[in-house]
Amino acid sequence: ANSTQLVLLLSLRTMLSRQVATAGARVGAARGFSVLTAAEEFPGLPSTSPGQKKGSVTSVTTLPSGLTVVTENASLTSTVSLTFPNAGSSSEESSEAGAAIASRYLSFKSGSGLSSALIVRNIEDVGATPFSSAGRRGATVGFTAARENAAFIAPLLATQCSFEKWDVKEAQQLAAAEAAEATSNAQVSLSDQIYAAAYGAQSATGRSYYTAGASRAAIVSFYERNYILNGAVLAATGIADHEAFLRMVEEEFPSSAPGAASPERGDIYMGGEARVSAPSTGFAHVALAFEGPKSASLMNVMKHCLNNGSAMPFAAPGIIGVYGGSEPSGASSTVDALSNAVGSAPSADIVAQAKAAAKSEALTALDSGSKSLADAMTASVLDSNGFSAKALADSYDAITADDVAKAHAAMLKSKVSLAAVGDISDVPYQATIASRFG
């Protein structure tokens, strides 16, 4: 019996060995041990040795319509934005107060024979995310989408609004709601007051952007005068072929003769005082501002020079300054700290640190997503009529300590502007503060 079991066991082992050998032969025959590469045999697999990343290439062209088109080709997603530099509240006529904020809400509304629903549906169907913004200095409308869909829906940005009564009414309601919300924000109020102090409360630049109550006629007049292609900037990221994108713009965007570009507002920096007393807040917000340099890069370096820890710096086209806050009893000390922050000429070491910080901030914005890049491209075109990362970096490298010293001296020669909001009974008046700067 034992002998018989041993023979059966050996036979079983032999049979299994043959089956394994046969299976191995079949696998070898199936694979064939070919000389095909992994990419050829399994198409679609990601490369294990990716090639060197190509640098971003930017192109800028101004079309006969007056529209400037700036594109870059390296972003993985596309942001396309159309900026109207004169569509901010600083371009409002006295009878148009509140038209800028209402006009923002006419973005993606009915026009050019398309309904609001159809415009939005076309954007949503390709997975794009629309956006719009406005302020004192211009307005922007745009979207972020996959690269392959950018050119397809870009013409929707240039839709010529038909001002349907329901669209205008909704825009007025949304503007009123945003304005009401802004009035309860102390920081927004302080910003409004510093502009009122710097340019005069009755000037277009000094008036608040957050103004409700614009009439339909005022909105239509403002929109038709300022939302035009002449002088506008179309920025697009992730565009592989600049020339093809240009052809699309020339074919799909309005081709009528360019309207006359709105002249830039001539509001002059005056320097003054604006105060909003609200004792119930139990806090004092204070800001000091001066006229700033024209160069955006020099302005940014100057802003970082004022960042000394005792005050928070701010800068916007035309003005630069510092702000802070405290309990009502400490308001006078806060003003002293702010005055010291702007009154002391920055040393060479501070200038070097400020240049490095400002340059890093500007270059980081280029690598912070496609929308941030599109914003930077637009700002550069409006500031210098061109854009490149190298030129941007060079603009900061070229600033010297002497340039900053001259800009700082010129800043102090302009009349100081004071804005105070909250429980401000202990905040000195502007004339007292102005005496500190000679």
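Here, every reference points to the structure presented above.
Reading the values: rules and limits
- Residues numbered from 1 in each chain as written.
- Predicted model: local features only at pLDDT ≥ 70, side-chain atom pairs only at ≥ 80, totals over all residues.
- Heavy atoms only, no water.
- Helix = DSSP H or I, 4+ residues; strand = E, 2+ residues; numbered from the N terminus.
- Buried < 20%, exposed > 50% of the residue type's maximum accessible area, 1.4 Å probe, protein only.
- Contact = heavy atoms within 4.5 Å.
- Areas by Shrake-Rupley, 256 points an atom, 1.4 Å probe, with all protein chains shown as cover.
- Patch = residues over 30% accessible without salt bridge, like charges linked within 9 Å, V, L, I, M, F, W, Y side chains within 5 Å.
- Salt bridge = Lys/Arg side-chain N within 4 Å of Asp/Glu carboxyl O.
- Lys, Arg positive; Asp, Glu negative; His and termini not counted.
- Charge placed at Lys NZ, Arg CZ, Asp CG, Glu CD.
- Core = buried A, V, L, I, M, F, W, Y, C linked by side-chain atoms within 4.5 Å.
- Pairing = 2+ DSSP bridges.
- Axes fitted to C-alpha atoms, helices over the stretch in contact; angles between N-to-C directions.
- Expected span 1.5 Å × (residues − 1).
- Arc of directions from axis to C-beta.
- Phe/Tyr/Trp six-rings, centres within 6.5 Å; stacked < 30°, edge-to-face > 60°.
- Lys NZ or Arg CZ within 6 Å of the ring centre and 35° of its normal.
- Polar contact = N/O pair within 3.5 Å; in protein donor to acceptor, adjacent residues only side chain to side chain.

Q: Report on the overall build of the protein chain, specifying residues and quantitative values.
A: Secondary structure assignment for the protein chain yields 16 helices and 11 strands. The burial tally for the protein chain puts 44% of its 438 residues in the buried class. Of all intrachain contacts in the protein chain linking residues separated by at least 6 positions in sequence, the fraction that spans at least 24 positions is 79%. As presented, the protein chain carries roughly 22200 Å² of accessible surface, and 55% of it is formed by carbon and sulfur atoms.

Q: Just give me the short version of a negative patch on the surface, but keep the residues and values in it.
A: On the surface, Asp241, Glu243, Glu250, Glu251 and Glu252 cluster together into a negatively charged patch. Along the chain, Asp241 falls in the loop between β6 (233-236) and α9 (242-252). Residue classification places Asp241 among the partly exposed positions, given a relative accessible area of 42%.

Q: I'd like a description of the nonpolar core, backed by residues and values.
A: Counting residues in each nonpolar core, the largest one holds 50 residues, and the members touching the most others are Leu67, Val80, Leu82, Leu234 and Phe245. Apart from the residues lying within four places of it in its own chain, the contact partners of Leu234 are Leu67, Thr68, Val69, Val70, Val80, Ser81, Leu82, Leu157, Phe245, Val249 and Phe253. In terms of nonpolar packing, the next biggest core, distinct from the first, is built from 45 residues, Leu366, Val381, Met411 and Ile424 among them.

Q: Talk me through the sheet that holds strand β8 (residues 284-291); I want residue IDs and the actual numbers.
A: Spatially, the five strands line up as an open sheet ordered β7-β11-β8-β10-β9, and their pairing is mixed. Either end of the sheet is taken by a strand with one partner, and the two such strands are β7 (273-277) and β9 (312-316). Shown here is a sheet whose adjacent strand axes are inclined to one another by a mean of 15 degrees, direction ignored. Bridge analysis of β8 against strand β11 (residues 417-422) gives six bridges, and the strand direction is antiparallel. The residue of β11 that forms the bridge with His285 is Val421. The strands touched by helix α7 (residues 186-199) are β7, β8, β9, β10 (319-326) and β11; relative to β11, the strand with the most contacts, the crossing angle is about 150 degrees.

Q: Summarise the pairing of β9; cite the residues concerned and give the values.
A: Taken together, the five bridges between β9 and β10 define a ladder with antiparallel strand orientation. Residue pairing in the sheet places Ala316 in a bridge with Ile319 of β10. Where β9 hands over to β10, the hairpin turn is made up of two residues, of which Gly318 adopts a positive phi near 100 degrees.

Q: How would you sum up helix α15 (residues 401-413)? Please name residues and give values.
A: Given a rise of 1.5 Å per residue, 13 residues ought to cover 18 Å, and the 19 Å separating the end C-alpha atoms of α15 matches this to within 8%. When we look at burial in α15, the residues that qualify are Val404, Ala407, His408 and Met411. The buried side chains of α15 occupy one side of the element, clustering within an arc of 100 degrees when seen end-on. When the buried face of α15 is taken as reference, the exposed residues oriented beyond 90 degrees from it are Lys406 and Lys413. Packed against the buried residues of α15 are β8, α10 (296-305), β10, α11 (331-343) and α12 (348-366).

Q: So what's going on with the packing of aromatic side chains? Which residues, and what values?
A: Under the defined criterion, the tally for this structure stands at eight aromatic pairs. Measuring from centroid to centroid gives 6.3 Å for Tyr195 and Tyr199, while their planes differ by 20 degrees, and the two rings are stacked. Residue Tyr195 and its partner Tyr199 are located together in helix α7, separated by four residues, close to a single helical turn. Both residues of the pair, Tyr195 and Tyr199, belong to the buried class. A centroid spacing of 4.2 Å and a plane angle of 0 degrees characterise the contact between Tyr223 and Tyr227, whose relative ring orientation is stacked. By relative accessible area, which is 14% here, Tyr227 ends up buried. What links up through ring pairs into an aromatic cluster is the set Phe84, Phe163, Tyr223 and Tyr227. Of note, Lys371 hangs over the ring of Phe131, and the distance from its end group to the ring centre comes to 4.6 Å.

Q: Lay out the side chain of Glu72 with the relevant residues and their values.
A: Inspection of the secondary structure puts Glu72 in strand β2 (residues 68-72). Of the buried charged residues, Glu72 lacks a salt bridge, with Arg147 as the closest side chain of opposite charge at 5.8 Å. A polar contact is formed between the side chain of Glu72 and the side chain of Ser56, at a distance of 2.7 Å. Once residues lying within four places of it in the same chain are set aside, the contact partners of Glu72 are Ser56, Val57, Thr58, Ala236, Thr237, Gly238, Ile239, Leu373 and Met377.

Q: Break down the environment of Ala214 for me, with residues and values.
A: In this structure, Ala214 sits in the loop between α7 and α8 (216-226). With 42 residues separating them along the chain, Ala214 and Gln172 place their C-alpha atoms 7.3 Å apart. With residues up to four places along the chain from it excluded, the contact list for Ala214 reads Ala97, Gly98, Ala99, Gln172 and Ile219.

Q: Describe helix α6 (residues 165-183), and please don't skip the residues or the numbers.
A: With 19 residues, α6 ought to run about 27 Å at 1.5 Å a step, and its terminal C-alpha atoms sit 27 Å apart, in line with that. Those residues of α6 that are buried lie in contact with α3 (99-104), α4 (116-125), α7 and α8.

Q: Let's hear about the side chain of His242: which residues, and what values?
A: Locating His242 in the fold gives a position in helix α9. In this structure the side chain of His242 is engaged in a polar contact, spanning 2.9 Å, whose partner is the side chain of Thr61. If we ignore the near neighbours within four places in the chain, the residues touching His242 are Ser59, Val60, Thr61, Val69 and Thr71.

Q: Tell me what's going on with the sheet that holds strand β5 (residues 139-146), and back it up with residues and numbers.
A: One open sheet accounts for six strands, arranged β1-β2-β6-β3-β5-β4; its pairing is mixed. Among the strands making up the open sheet, the edge pair consists of β1 (58-62) and β4 (129-134). Within the sheet, the average angular offset between the axes of one strand and its neighbour, ignoring direction, is 10 degrees. Sheet topology note: the β4/β5 ladder contains six bridges and is antiparallel.

Q: Tell me about the environment of Gly369, and name the residues and values.
A: Assignment of secondary structure puts Gly369 in the loop between α12 and α13 (370-384). Accessibility expressed as a relative area gives 40% for Gly369, which makes it partly exposed. A sequence separation of 290 residues divides Gly369 from Thr79, and the C-alpha atoms of the two residues are 9.1 Å apart.

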